[in-house]
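Fold and contact review
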Amino acid sequence: IDRYDPQGNWLQNLDTFPSFVYASFVVIDPTETYALVGESSNMEVFKVPLDGSGRSYLATLPFNYDAVFEDADHVIVSRSIGWSNPNNIVRVDVNTGATELVAVVEGPSGPVAFDASGTLYYGTVAPSFPAPPGSSSIITWTSAQLHGALPLSEADATVFHDDLDAATSLAIDPVYGNVFLAESVYGGTSQILEFDHSSGELVDTIVRGPAFLT
């Protein structure tokens, strides 16, 4: 786990795993004191201080895929229990590692992101491989729903945009609020799309090419 400056220059090695692992996500906590790092080989999540003092185990989350901080004490993790099983979206207490099931969505794990209002965005993924064209959607749950009766389902969500291909990652512009989605299409054209935050309409295609996007 290495730290780089904004220009891409290496600064520091924060930690090293003694054996091969599949990395899944790296997210920085709101206080910018540590990174939360997931891997899907041993299915573990670690806290890695940015001062280089070494990682500590937080939780075991099977097939953890993506994560986003909800607040300073909680992170939302998208994780599955297998390819053909529903994806679980869980809330993890970053102090204790305790988990709470927030939502269940059909298909493999998809990406997650929060907007400034606390609305959770999720990119659905088809259970078949390769994902059929138009089989992904971006759906949302409000902050009120996330702190109400749980777990939620896809039926409780609002469709932000549908007819998408193979959603792999989501990001939301912290200044203007627009939503960015990476589509990684097996054997086809992958792209990064920008959507208007209020209407859900496509604004622009930022990148398009044959390579996989993550």
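Further up the page is the structure itself.
Summary of the structure given here. (Residues numbered from 1 in each chain as written. Predicted model: local features only at pLDDT ≥ 70, side-chain atom pairs only at ≥ 80, totals over all residues. Heavy atoms only, no water.)

Re the pattern of salt bridges
- On inspection of all chains with the given rule, the structure shows three salt bridges.
- A salt bridge links Glu-70 to Arg-91, with the nearest nitrogen and oxygen atoms 2.7 Å apart. Taken together, the residues span a long stretch of sequence, with Glu-70 in strand β7 (residues 64-71) and Arg-91 in strand β9 (residues 87-93) at a distance of 21 residues.
- Since its relative accessible area comes to 19%, Glu-70 is described here as buried.
- Notably, a salt bridge pairs Glu-100 with Arg-91, separated by 2.9 Å at the nearest N-O pair. (Salt bridge = Lys/Arg side-chain N within 4 Å of Asp/Glu carboxyl O. Helix = DSSP H or I, 4+ residues; strand = E, 2+ residues; numbered from the N terminus. Buried < 20%, exposed > 50% of the residue type's maximum accessible area, 1.4 Å probe, protein only.)

Comments concerning the side chain of Asn-64
- Checked against the element boundaries, Asn-64 lands in strand β7.
- Of the residues examined, Asn-64 reaches a relative accessible area of 2% and is grouped as buried.
- Separated by 2.4 Å, the side chains of Asn-64 and Ser-24 make a polar contact.
- Each residue touching Asn-64, except ones within four places of it in the same chain, is listed here: Ser-24, Phe-25, Gly-38, Glu-39, Ser-40, Met-43, Glu-44, Val-45, Val-77, Ser-78 and Arg-79. (Polar contact = N/O pair within 3.5 Å; in protein donor to acceptor, adjacent residues only side chain to side chain. Contact = heavy atoms within 4.5 Å.)

Regarding unusual backbone geometry
- Here the residue pair Leu-150 and Pro-151 is connected by a cis peptide bond, since its omega of 0° sits within 30 degrees of zero.
- Relative to the elements of secondary structure, Pro-151 occurs in the loop between α1 (143-146) and β14 (152-153).
- Despite not being glycine, Met-43 has its phi angle at roughly 65°, a positive value.
- Met-43 sits in the partly exposed class, given a relative accessible area of 21%.
- Although it is not a glycine, Asp-163 adopts a positive phi angle of roughly 60°.
- Among the secondary structure elements, Asp-163 is positioned in strand β15 (residues 158-164).

Some points on the pairing of strand β6 (residues 56-60)
- Where strand β5 (residues 44-49) meets β6, four bridges bridge the pair, whose relative direction is antiparallel. Each residue of the ladder has a partner; that of Glu-44, found in β6, is Thr-60.
- In this antiparallel pair of consecutive strands, β5 and β6, the connection spans six residues, and Gly-52 shows a positive phi of 80°. (Pairing = 2+ DSSP bridges.)

Describing the sheet that holds β15
- Pairing in this open sheet of four strands is antiparallel, and the strands run β11-β12-β13-β15 from one edge to the other. Edge positions in the sheet fall to β11 (112-114) and β15, since each has one partner strand and no second. The mean angle between the axes of side-by-side strands here comes to 15°, regardless of whether they run parallel or antiparallel.
- Relative to strand β13 (residues 136-141), strand β12 (residues 120-123) is paired through four bridges, and the arrangement is antiparallel. Bridging across to β13, Tyr-122 finds its partner in Ile-139. (Axes fitted to C-alpha atoms, helices over the stretch in contact; angles between N-to-C directions.)

Focus: the packing of aromatic side chains
- In the structure shown here, the tally under the stated rule is eight aromatic pairs.
- Taking the centre distance of 6.2 Å and the plane angle of 70° together, the rings of Tyr-34 and Phe-69 count as edge-to-face. Placement of Tyr-34 in strand β4 (residues 34-39) and of Phe-69 in strand β7 is noted, with a sequence separation of 35 residues between them.
- A residue is classified by how much of its surface remains accessible, and Tyr-34, at 9% relative accessible area, is buried. (Phe/Tyr/Trp six-rings, centres within 6.5 Å; stacked < 30°, edge-to-face > 60°.)

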